[in-house]
Amino acid sequence: MTTTSPTQQAVEAYHRARFRADIPAAAEQLAPGFSFRSPFIESDSPTGHLAGIEQLVQIIDHIDMISALYSDTDAVLIYDLHTNSPVGIQRTAEHFRLDDGSITAITLIFDSAPWQAIMAAPDQAAIIRNSAKA
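Residues numbered from 1 in each chain as written. Predicted model: local features only at pLDDT ≥ 70, side-chain atom pairs only at ≥ 80, totals over all residues. Heavy atoms only, no water.

(A) Spotlight on the packing of aromatic side chains. One pass over the structure, following the stated rule, counts three aromatic pairs. With 6.2 Å between their ring centres and 40° between their planes, F40 and F110 make a pair best called tilted. Within this pair, whereas F40 is found in the loop between β1 (30-37) and β2 (42-43), its partner F110 is found in strand β6 (residues 102-110), the two being separated by 70 residues in sequence. We classify F110 as buried; its relative accessible area is 17%. (Phe/Tyr/Trp six-rings, centres within 6.5 Å; stacked < 30°, edge-to-face > 60°. Helix = DSSP H or I, 4+ residues; strand = E, 2+ residues; numbered from the N terminus. Buried < 20%, exposed > 50% of the residue type's maximum accessible area, 1.4 Å probe, protein only.)

(B) Region of the structure containing the side chain of R18. Here R18 shows up in helix α1 (residues 6-18). A polar contact is formed between the side chain of R18 and the side chain of E94, at a distance of 2.4 Å. When sequence neighbours within four positions are dropped, the list of residues in contact with R18 reads A26, I53, V57, Y79 and E94. (Polar contact = N/O pair within 3.5 Å; in protein donor to acceptor, adjacent residues only side chain to side chain. Contact = heavy atoms within 4.5 Å.)

(C) Focus on the environment of V11. Residue placement: V11 occurs in helix α1. Sequence separation between V11 and V76 is 65 residues, and the spatial gap between their C-alpha atoms is 9.2 Å. The contacts of V11, once residues within four sequence positions are left out, are Y70, A75, L77, F96, L98 and I103.

(D) Spotlight on the sheet that holds strand β5 (residues 89-99). One open sheet accounts for six strands, arranged β2-β1-β6-β5-β4-β3; its pairing is mixed. A strand with exactly one partner marks an edge of an open sheet, and here the two such strands are β2 and β3 (60-70). (Pairing = 2+ DSSP bridges.)

(E) Here's a closer look at the pattern of salt bridges. With the rule as written, the count across this model stands at six salt bridges. In this structure, the salt-bridge partner of E94 is R18, at a minimum N-O distance of 2.4 Å. Of this pair, E94 sits in strand β5 while R18 sits in helix α1; the two residues are 76 residues apart in sequence, bridging distant segments of the chain. In this structure, R37 and D44 form a salt bridge, with 3.0 Å as the shortest nitrogen-oxygen distance. You can call R37 partly exposed: its relative accessible area is 29%. Here the salt bridges do not stand alone but share partners, grouping R37, E42 and D44 into one network. (Salt bridge = Lys/Arg side-chain N within 4 Å of Asp/Glu carboxyl O.)

(F) How the structure looks around the pairing of β1. Where β1 lies against β6, four bridges are found, and the strand directions are parallel. If you follow S35 over to β6, its bridge partner there is A105. In terms of strand pairing, β1 meets β2 through two bridges, oriented antiparallel. Across the sheet, residue F36 finds its bridge partner in β2, namely S43.

Structure representation (structure tokens):
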């Protein structure tokens with residue numbers, strides 16, 4: 001019989017909710033004082049971090065999980081994010097820090113070079129929308 005730890009339960013619930021753009025369910029897993037860091041975004045609030053999730057989900061085709069590692073206070077997910085954008089497949093690593101079963105910090109690590117042109121465009125939302133329709 002396999003049981004999941006509170007860390008695994010919180011991270012998996014967050015991961016599922018985020019990639020179906022269920023912002024309230026994702027936010028439920030985040031602790032007060034939450035912080036997020038990635039190559040493009042730094043946020044010290046769940047609202048700031050989750051603000052762009054709906055736009056991101058529009059260009060995701062699927063995710064291939066490579067590895068998921070859990071301890072009492074940390075988790076690491078490594079996955080390939082398959083997008084319907086010029087980026088294609090984005091290898092991603094995500095480190096989660098938890099306290100008492102709630103996520104206190106996420107560090108997202110990926111090669112940002114393929115995203116540079118999209119992020120620099122005056123209307124990056126239009127590029128993402130058009131890529132998602134292709």
